[in-house]
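Each chain is listed here by its residues.
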Amino acid sequence: MSTVSTRLLEIRTGVLSKNDQLAARLRERFQEAGVLALNFVSSPGSGKTALLERTLTELVRAGRRPAALVGDLATDNDARRLERSGALVRQIQTRDMCHLEAEMISAHLEAAGWNLAELDYLFIENVGNLVCPSGYDLGEQVRVVLLSVTEGEDKPVKYPVLFNSADVAIITKLDLAEACGIDLALMRRNIKEVRPGITIFETSARTGAGMDVWMAWLMARCVEG
Amino acid sequence: MHELSIALSLVEIVEEAARRAGAERVVAVHLRLGAMSGVVREALEFCFPLAAQHTLVEGARLEIETVPLVLACDPCGRDVQPEEGSFRCPFCGAPSMHIRQGRELEVTGIEVPDPEPAMEER
Ligand SMILES: [Zn+2]
């Protein structure tokens, strides 16, 4: 090896500091505009789009003004599905990206030209992935992790980093719980094991079970309509 | 895998710091990586040389210090290291969300070549 003498420069910089700064600015904007921003994270096929579809539809029906940014690898199928709810929807095509970053949220909000002050909710549907989105703050006030009953009870313990970063957990596809032989109490326990104090909802977007509790929470969290 | 995007940000930060210091290349990068950072060490080590290509950082060593998860336990009134995948105090069993350390993903320093001693310049 070479014997080049070196000097050490001390720097203390978070590798994601650029993202974090931009996210902090976004959060300020959301707060000023009175928008509740929610970042939905989950594994693929957890029923995120179905839950959002129903949530948006019910919010529009209740006279609230929701918008959604939908992250998807290649297609705009989800965005088109969500548009039928009457909410403002914009697709974020991520191509090879496995997660969303604050810069993408910022750019797409700009391109969409939405007036944040006219919105009550901004739903951000992250890319289906339980690992990569965890470290990226998108400026959301609430991080929601979805977990379907078909994924098994121990998913939270296998992905503690992401579950730990969430404020709310929604157990989805409740209508399939019996068919899957899932132990719901154990699933809840495991979620709380890696994220003490988390708020948990149990829903079925298909039958509507549990949707009322989730909707009531959303309505209460919204800065007056 | 988001480690390539992490590696690219890392290289960007290091290059900027090196430029500011007037260095022409970087010999080593020191990084603190928390157990709860969501970054897989091996994946980052794999991506780093790729991200460093054609930059001042090309060929630099990546020295990673891993930081374990440490929680503040209220009942015990001290900082504790839980078992892997757990957020409970190993002494009293209380769950805790007060993460003292373990989320780190930060550059702490870089090593750059020392400028030639003044004597040799003459
Ligand atoms: Zn304790």
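One can find the structure itself at the top, above this paragraph.
Report on the accompanying structure. Quick caveat, the model's predicted, so the values are computed rather than measured. Residue positions are given per chain, counting from 1 as you read along its sequence in written order. As a convention, the first chain written is A and the first ligand written is 1, with the rest following in written order. Per-residue local features are limited, in this predicted model, to residues with pLDDT of at least 70; the limit for side-chain atom pairs, both in listing and counting, is 80 or more; totals at the level of whole chains, interfaces and linings are taken over all residues. Side-chain figures throughout are based on the complete set of non-hydrogen atoms in the structure, without hydrogens or water.

1. Looking at the coordination of the zinc ion
Residue and element names in this part refer to chain B.
Alright, step 1. Protein coordination of the zinc ion is provided by Cys73 (SG), Cys76 (SG), Cys89 (SG) and Cys92 (SG), with donor distances spanning 2.2 to 2.3 Å.
Alright, step 2. Each metal site lists N, O and S donors within 2.8 Å (3.2 Å for Na, K and Ca). With water left out of the atoms, a site can look as if it is missing ligands. In these descriptions, tetrahedral denotes four donors with every angle between 85 and 135 degrees, square planar four donors and octahedral six donors with opposite donors over 155 degrees apart and the rest between 65 and 115, and irregular any other case. Here the zinc ion is ringed by four donor atoms whose angles at the metal span 101 to 115°, and the overall shape comes out tetrahedral.
Alright, step 3. Counting residues between consecutive donors of the zinc ion along the chain gives the motif C-x2-C-x12-C-x2-C.
Alright, step 4. On the basis of relative accessibility, which here comes to 4%, the residue Cys89 falls in the buried class.
Alright, step 5. Relative accessible area serves as the criterion here: at 39%, Cys92 is assigned to the partly exposed category. Buried residues are those whose accessible area, probed at 1.4 Å on protein chains only, stays under 20% of the maximum for their type, while exposed residues exceed 50% and partly exposed ones sit between those limits.

2. Remarks on the interface of chain A and chain B
Alright, step 1. Note on contacts: a residue pair is in contact if any heavy atoms of the two residues lie within 4.5 Å. Each partner contributes residues to the interface: chain A has 28 residues there, and chain B has 39 residues.
Alright, step 2. Accessible area, probed at 1.4 Å, shrinks when two parts are joined; the buried area is that loss added up over both. With both chains or domains summed, chain A and chain B bury close to 2,900 Å², and 59% of this area falls on carbon and sulfur atoms.
Alright, step 3. The term salt bridge refers to a pairing of a side-chain nitrogen on Lys or Arg with a carboxyl oxygen on Asp or Glu at a separation within 4 Å. Across the chain A-chain B interface, the total number found is three salt bridges.
Alright, step 4. Residue A:Glu193 is joined to B:Arg88 by a salt bridge in which the shortest nitrogen-to-oxygen separation is 2.6 Å.
Alright, step 5. What qualifies as a polar contact is a pair of N or O atoms within 3.5 Å, subject to a donor-acceptor requirement within protein and to the restriction that residues adjacent in sequence count only when both atoms come from side chains. Inspection of the chain A/chain B interface yields 15 residue pairs in polar contact (both at pLDDT 80 or more).
Alright, step 6. Counting residues per element, the ones that place at least two in the side of chain A that touches chain B are β1 (6–14), α6 (160–164) and α8 (184–194) of chain A.
Alright, step 7. Numbering of helices and strands starts at the N terminus; helices are DSSP runs of H or I of at least 4 residues and strands are runs of E of at least 2. With nine residues, β1(A) is the largest single contributor of residues to the side of chain A that touches chain B.
Alright, step 8. Amino acid classes used here: Ala, Val, Leu, Ile, Met, Phe, Trp, Tyr, Cys and Pro are nonpolar; Asp, Glu, Lys and Arg are charged; the rest, including Gly, are polar. Classifying every residue of the side of chain A that touches chain B gives 14 nonpolar, seven polar and seven charged.
Alright, step 9. Sheet analysis places β1(A) next to strand β6 (residues 105–113) of chain B, joined by seven bridges and oriented antiparallel. Strand pairing requires that DSSP identify at least two bridges connecting the strands.

3. Section: the sheet that holds strand β6 (residues 142–148) of chain A
All names here are of chain A.
Alright, step 1. Spatially, β4-β3-β5-β2-β6-β7-β8 is the arrangement adopted by the seven strands of the open sheet, whose pairing is parallel. Only two strands of the sheet have a single partner each, and these edge strands are β4 (88–93) and β8 (199–202). Averaged over all pairs of adjacent strands, the angle between their axes in this sheet comes to 20°, without regard to strand direction.
Alright, step 2. Across five bridges, β6 lies against strand β7 (residues 168–172) in parallel orientation. Paired with Leu147 across the bridge in β7 is Ile171. To obtain each axis, a line is fitted to C-alpha atoms, and for helices this fit is confined to the stretch in contact; angles are then taken between N-to-C directions over 0 to 180 degrees.

Distances and angles like these do not, on their own, reveal function.
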